[in-house]
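Structural description and commentary
The primary structure of each chain is shown beneath.
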Amino acid sequence: YSGRKEVFDTSKVPDIYDNALYDMVHNEHLGLQALPRLFRASRTLASYVVPQEYGIEPEDKVTVGLQIAWQMLAKLLQDMLKNGGAVAW
């Protein structure tokens, strides 16, 4: 929540959900009493926010996906050329 703008930033919902899920799985020993409630709330919100994270229309999703994939492939090609095409296992 931004007090200055008085709006909620829904782009943070997937991060909250991911972190709550991680803590539910890996940090149960900490005994965080509010965590199950936070997890359930963030999971509910994420079920609405995440599908729209990269656009609402199918064309929007394709456009964003192509931009992300192109950047990743360009980086991969750059790394491969930098290493002379050798693969390090």
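Each remark here, short or long, concerns the structure printed above.
Just so you know, these numbers come straight off a predicted model, no measurement behind them. (Residues numbered from 1 in each chain as written. Predicted model: local features only at pLDDT ≥ 70, side-chain atom pairs only at ≥ 80, totals over all residues. Heavy atoms only, no water.)

Here's the deal with the packing of aromatic side chains
- Counted under the stated rule, the structure contains one aromatic pair.
- Aromatic pair Tyr-17 and Phe-39: ring centres 5.7 Å apart, planes at 20°, arrangement stacked. With Tyr-17 in helix 1 (residues 13-26) and Phe-39 in helix 2 (residues 35-49), the pair connects residues that are 22 residues apart, well separated along the chain. (Phe/Tyr/Trp six-rings, centres within 6.5 Å; stacked < 30°, edge-to-face > 60°. Helix = DSSP H or I, 4+ residues; strand = E, 2+ residues; numbered from the N terminus.)

Re the packing of helix 1 against helix 2
- Contact geometry of helix 1 with helix 2 gives a least axis separation of 8 Å together with a crossing angle of 140°. Here helix 1 lies oblique to helix 2, going by the angle between them. Here the hand of the crossing between helix 1 and helix 2 comes out left-handed. Residues Val-13, Pro-14, Ile-16, Tyr-17, Ala-20, Leu-21, Asp-23 and Met-24 of helix 1 touch helix 2, and the partners they reach there are Leu-35, Pro-36, Leu-38, Phe-39, Ser-42, Arg-43, Leu-45, Ala-46 and Val-49. (Axes fitted to C-alpha atoms, helices over the stretch in contact; angles between N-to-C directions. Parallel < 35°, antiparallel > 145°, perpendicular 65-115°, else oblique. Left-handed = near helix turned anticlockwise from the far one by under 90°. Contact = heavy atoms within 4.5 Å.)

Some details on the layout of surface pockets
- The space that makes up the largest pocket amounts to roughly 190 Å³.
- Together, Tyr-1, Phe-8, Asp-9, Thr-10, Lys-12, Val-13, Ile-16, Leu-38, Ala-41, Ser-42, Leu-45 and Val-49 line the largest pocket.
- Elements supplying a minimum of two residues to the lining of the largest pocket: helix 1 and helix 2.
- Per-element tally for the lining of the largest pocket: the top contributor is helix 2, with five residues.
- Across the lining of the largest pocket, the residue classes tally to eight nonpolar, two polar and two charged. (1 Å grid on protein atoms, 1.4 Å probe; cavity = no way out; pocket = protein on both sides within 12 Å on 5 of 7 lines; lining within 4 Å. Points joined across faces, edges and corners; volume = space filled by probe spheres on them. Nonpolar A, V, L, I, M, F, W, Y, C, P; charged D, E, K, R; others polar.)

Topic: the pattern of salt bridges
- Applying the stated criterion to the full structure yields one salt bridge.
- In this structure, the salt-bridge partner of Asp-79 is Lys-75, at a minimum N-O distance of 2.7 Å. Taken together, the residues Asp-79 and Lys-75, both in helix 3 (residues 58-82) and four residues apart, mark about one turn of the helix.
- Of the residues examined, Lys-75 reaches a relative accessible area of 43% and is grouped as partly exposed. (Salt bridge = Lys/Arg side-chain N within 4 Å of Asp/Glu carboxyl O. Buried < 20%, exposed > 50% of the residue type's maximum accessible area, 1.4 Å probe, protein only.)

Describing the side chain of Ser-42
- You can see Ser-42 is positioned in helix 2.
- Polar side-chain contacts of Ser-42 include one of 3.0 Å to the backbone oxygen of Phe-39.
- Those residues in contact with Ser-42, other than ones at most four positions away along the chain, are Val-13, Ile-16, Tyr-17 and Ala-20. (Polar contact = N/O pair within 3.5 Å; in protein donor to acceptor, adjacent residues only side chain to side chain.)

Remarks on helix 2
- Here helix 2 contains 15 residues, and its C-alpha end-to-end distance of 20 Å stays within 8% of the 21 Å for a straight helix at 1.5 Å per residue.
- Looking at helix 2, one finds that the buried residues are Leu-35, Phe-39, Ser-42, Ala-46 and Val-49. Projected down its long axis, helix 2 carries its buried residues within an arc of 95°, all on one side. Those residues of helix 2 that are exposed and aimed more than 90 degrees away from the buried face are Arg-37 and Tyr-48.
- Contacts made by the buried residues of helix 2 are with helix 1. (Expected span 1.5 Å × (residues − 1). Arc of directions from axis to C-beta.)

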